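# Coordinate analysis (summary)
In case you want the letters, here they are:
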Amino acid sequence: MSRYNAKATEAKWQKIWETGKTFQTDSSSDKQKYYVLEMFPYPSGRIHVGHVRNYTMGDVVARYRRAQGYEVLHPMGWDAFGMPAENAAMERKVHPADWTYDNIANMRQQLKHVGLAVDWDREIATCDPAYYGKEQQIFIDFYNAGLVYRKESWVNWDPVDNTVLANEQVIDGKGWRSGAEVERRQLSQWFLKITDFADELLDGLDTLDRWPDKVRLMQENWIGRSEGLKFDFIVDQTGEKLPVYTTRPDTIFGASFCAISADHPVAVALAKDNPELAAFCEECRSGGTTEEAIEKAEKRGFDTGLTVAHPFNSAWKLPVYIANFVLMDYGTGAIFACPAGDQRDLDFARKYDLPVLPIVLPEGEAADAYSIGDEAFTGTGTMYNSRFLDGMDIHAAKAAVIDRAEADGWGERMVNFRLRDWGVSRQRYWGTPIPFVHCEACGVVPVKADDLPVELPDDVSFDTPGNPLEHHPTWKNTDCPSCGQPARRETDTMDTFVDSSWYFMRFCTPDADAPFDSKVVDEWMPVNQYIGGVEHAILHLLYARFFTRALKKVGRTSVEEPFEGLFTQGMVNHVTYKDSSGEWVFPEDVRKRDDGTLITSKTGLVVSEGRVEKMSKSKRNVVDPDDIIDQYGADTARWFVLSDSPPERDLLWTEAGIEGAWRFVQRIYRMVETPSAPLAGVGAAMPGELSEGATALRKATHKTIKGVTSDIENLHFNKAVARLYEFANAISSTSEGAGAAETLREATEALIMMIGPMMPHLAEEMWAKLGHQTLVANTPWPQVIEALTIDSTVKMAVQINGKVRDTIEVAKDMDKADVEALALARPNIMKFTEGNTVRKVIVVPGRIVNIVAN
RNA sequence: GCCCCUGUGGCGGAACUGGUAGACGCGCGGGAUUCAAAAUCCCGUUCCCUUAUGGGAGUGUCGGUUCGAUUCCGACCGGGGGCACCA
């Protein structure tokens, strides 16, 4: 018996697809368009199993949609800028460009072996001047629209990578990549005004009904909209205004002090001639978040000696403290504190012995007996000790205070966001140069459109720490685009998240002179199905949504939301292995001895199996997709990553699992090579009369088509796989008599067409073996005959007091009364009803009969 | 601390809107084929009692609603994720 040769077969079909331009996308086609996109990879050098899973899912969708008659756009590119290229340059003396392009070449080859239905003619790399030059053009557009600005600001400085990190790149006070303790420095930075779109980005979430709720919720929290009252205290000593923001204006009569941030202008001014106070502010600033975590328990402050008057009673004075828990960049950097209603305020008040007056009475408490201990009451209740608010619930009180403030003119309703502007400056070489020039006379001037792209210089050195562009002898010297005098180029480059904020549009017209051709983009966009890792739930996806809106604002597109459907797939996990010396061991080096114990083939040491964890190089619990594809073929790998686990959940990679997938590949091959019974010829007509077995197979065929179709529509690939296994079992059990050969052909062809999106090479090979001259890739999806998916009889369970005691097979439309009579007459049932009284019989047609008897 | 998700055999996981729990795969046990092995095929496989038949228990725990709960409600326990001095 011959065996399926995956390697040779897969190479053959990949060649045929490539030379036939099978997956080339035609934007001018009049078919309905479908854009499926997986998050493009960073060219690290080699693909990993996570990539295989991600791109296989996208590929199933792409191939399925093609079969459904859509014109499909399924492109691939490279998120090619970023720090690892510079690290490689420093460590191995290779140029970042060479390193990156070598990696791209490798990974392209690897991905091609996976057999993706990708239009490779549209491939882009963000480090290509043809790409980043357009990005510079967009950046200047944004600048002209007032969406780009420079600001002196505190930044997170990574002392190891010598770069500025975004807030979100700082994890537990450490750089996300280097792991180094982050410092705070003040630098002039470029910012994108994402906060201009805070409301829109929030409201837009409601329209994204094909996004996971989890991701929408995370974005909602990230944007962090709150409503409250903004009003000015007047500092008694100076007459200065001190604006504060609160979301709890209802607690105004519980106010006991006012707290400002160490970075607040008032604090900064006082620090000038108060060394003690200055030292305190410095302490608040230093240390970063990690140390904050240490002193988290402790709320500390510094009494400025200043006082402010309560807005409802000018004789009521509140002391002004500098407090370490007040942030300058949220709200106004100053608060009024109500210790009874806020834990931080309460901790602070207890420490500095400030008044704590309860103003919200929890339900069930008596006003004269209630007091606050060391726990603030943040719940709902009834206002008291609060003059005109007394008796209201907190919501009514909130509104009442704001209304009064607005009527009396001392405050106003304010909406505040947690979201901050996006700092895009990076002091690095391997990124998109920010296309601006600093001129002594003209200030900051954008580079002229004709002079774009501002290209990175090739001859750079990484010997000194810091930004190589800054060190370059000539690159930054240029002439001012405005006055022509000698000037200096901006040496900051952009955050790589900028690159990935519009690549999906570039894919629509990868060769356009403009960043993209908006007419074509408007036809393809939004992306119908976007697939990627949940780790991008906030940053990348929020930035891309912002960019799309900003591009609309500058008139480059009319698209609102970039991604109509979003799917976030789970990680790929694997057990870990350690040898007796404590070293991590690669799975491929583990051997099982006859007695069941494990050893490494390298050293012979005994190996123990550890926890299942996300595949990572450091723990060596990785498998190389190349090895798998070499041994079993891409189809086997594709089938395995689709089976078993729901796609949004983590997948456990096992040797046994991949073996199982490989067995199924062989089984399909045998089913076609040596079918269980003779097959009818290609296109043979279905006879009018079918034997019982043939009818059953035919029904199974159409039920399976129906099920698999809806499974793929819903991205339930694991269920589609299970159904196909089941169907293969059905085909294997031989049927005889009239129509056996015809139904077997119909079933086998349906099976091959349905595995097409998942195991495309095997499908093509089997399709050809079945006598077809065409490609499965160009064959329409099999049609369901609905009538064949409906059974005329139905099996119903018969329960007594909720326990199943029997099953009956009845006509689908049988009368309730008849069903009941039939059920009660069953011997098994009579055995239980005998001697008892039947109290009640519930008949749910097509489902169940429940007899209540006692 | 706050918010969200999740818990089903030895394992990954099925189960439409409350209606036969455990589909399908893996693993395991038994058998066939083979000189033998690999590969393949067949049968069994939630647990407990039982010779089969049959019965009892069972979807993290404890309660509730219901003729009927993996599904709905409440409390608790375990696992995962997000945010974190956001006023």
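Structure: above.
Below, the discussion takes up the sheet that holds strand β10 (residues 225–234). Taken in spatial order, the three strands make up an open sheet running β11-β10-β18, and their pairing is antiparallel. Pairing within the sheet leaves two strands with one partner each, and these edge strands are β11 (241–246) and β18 (411–417). Averaged over all pairs of adjacent strands, the angle between strand axes in this sheet comes to 35°, irrespective of strand direction. Pairing geometry for β10 and β11, over six bridges, is antiparallel. Each bridged residue has a counterpart across the sheet, and for Leu229 the counterpart in β11 is Thr246. Sheet strands in contact with helix α12 (residues 394–408) are β10 and β18, and its direction is about 125° off that of β18.

Turning our eyes to something else, we now look at the protein's contact with RNA strand B. Neighbouring RNA strand B are 48 residues; Thr247, Phe325, Tyr330, Arg344 and Lys719 lie closest to it. Restricting the count to atoms of RNA strand B within 4 Å of the protein gives a sugar and phosphate share of 61%. Within the contact set of RNA strand B, a sugar or linking oxygen lies 3.1 Å away from a side-chain nitrogen or oxygen of Arg418. In the model, a phosphate oxygen of RNA strand B is placed 3.0 Å from a nitrogen or oxygen of the Arg663 side chain. Every element with two or more residues in the surface near RNA strand B is listed here: α7 (213–223), β11, α20 (655–673), α22 (717–732), β33 (793–800), β34 (803–811), β35 (838–844) and β36 (848–853). Sorting elements by how many residues they give to the surface near RNA strand B places α22 first, with six residues. Looking at the surface near RNA strand B residue by residue, the classes come out as 21 nonpolar, nine polar and 18 charged.

For the rest of this paragraph, the subject is the pattern of salt bridges. A pair can form between side chains of opposite charge whenever their charged atoms are brought close. On inspection of all chains with the given rule, the structure shows 41 salt bridges. Of the charged contacts in the structure, one is a salt bridge between Arg108 and Glu123, with a shortest N-O distance of 2.8 Å. A residue pair is termed long-range when its members are at least 10 positions apart, and Arg108 in helix α4 (residues 96–114) and Glu123 in the loop between α4 and β4 (124–125) qualify at 15 residues. Here Arg108 falls in the partly exposed class, since its relative accessible area comes to 25%. Three or more residues joined by partner-sharing salt bridges are found here, namely Glu200, Arg545, Arg549 and Glu561.

Most peptide bonds take the trans configuration, and most residues that are not glycine carry a negative phi. Here the residue pair Leu452 and Pro453 is connected by a cis peptide bond, since its omega of -5° sits within 30 degrees of zero. Residue Pro526 follows Met525 across a cis peptide bond; omega there is -5°. Locating Pro526 in the fold gives a position in the loop between α16 (518–524) and β26 (529–533). For Leu715, which is not a glycine, the phi torsion comes out positive at approximately 60°. Along the chain, Leu715 turns up in the loop between α21 (692–713) and α22.

With respect to the element layout, Val810 can be found in strand β34. Taking C-alpha positions, Val810 is 7.5 Å from Met796, a pair spaced 14 residues apart along the chain. Once residues within four sequence positions are removed from consideration, Val810 is found in contact with Ser792, Thr793, Val794, Met796 and Leu822.

About the cut-offs
- Residues numbered from 1 in each chain as written.
- Chains lettered and ligands numbered in written order.
- Predicted model: local features only at pLDDT ≥ 70, side-chain atom pairs only at ≥ 80, totals over all residues.
- Heavy atoms only, no water.
- Pairing = 2+ DSSP bridges.
- Helix = DSSP H or I, 4+ residues; strand = E, 2+ residues; numbered from the N terminus.
- Axes fitted to C-alpha atoms, helices over the stretch in contact; angles between N-to-C directions.
- Contact = heavy atoms within 4.5 Å.
- Near = heavy atom within 4 Å.
- Polar contact = N/O pair within 3.5 Å; in protein donor to acceptor, adjacent residues only side chain to side chain.
- Nonpolar A, V, L, I, M, F, W, Y, C, P; charged D, E, K, R; others polar.
- Salt bridge = Lys/Arg side-chain N within 4 Å of Asp/Glu carboxyl O.
- Buried < 20%, exposed > 50% of the residue type's maximum accessible area, 1.4 Å probe, protein only.

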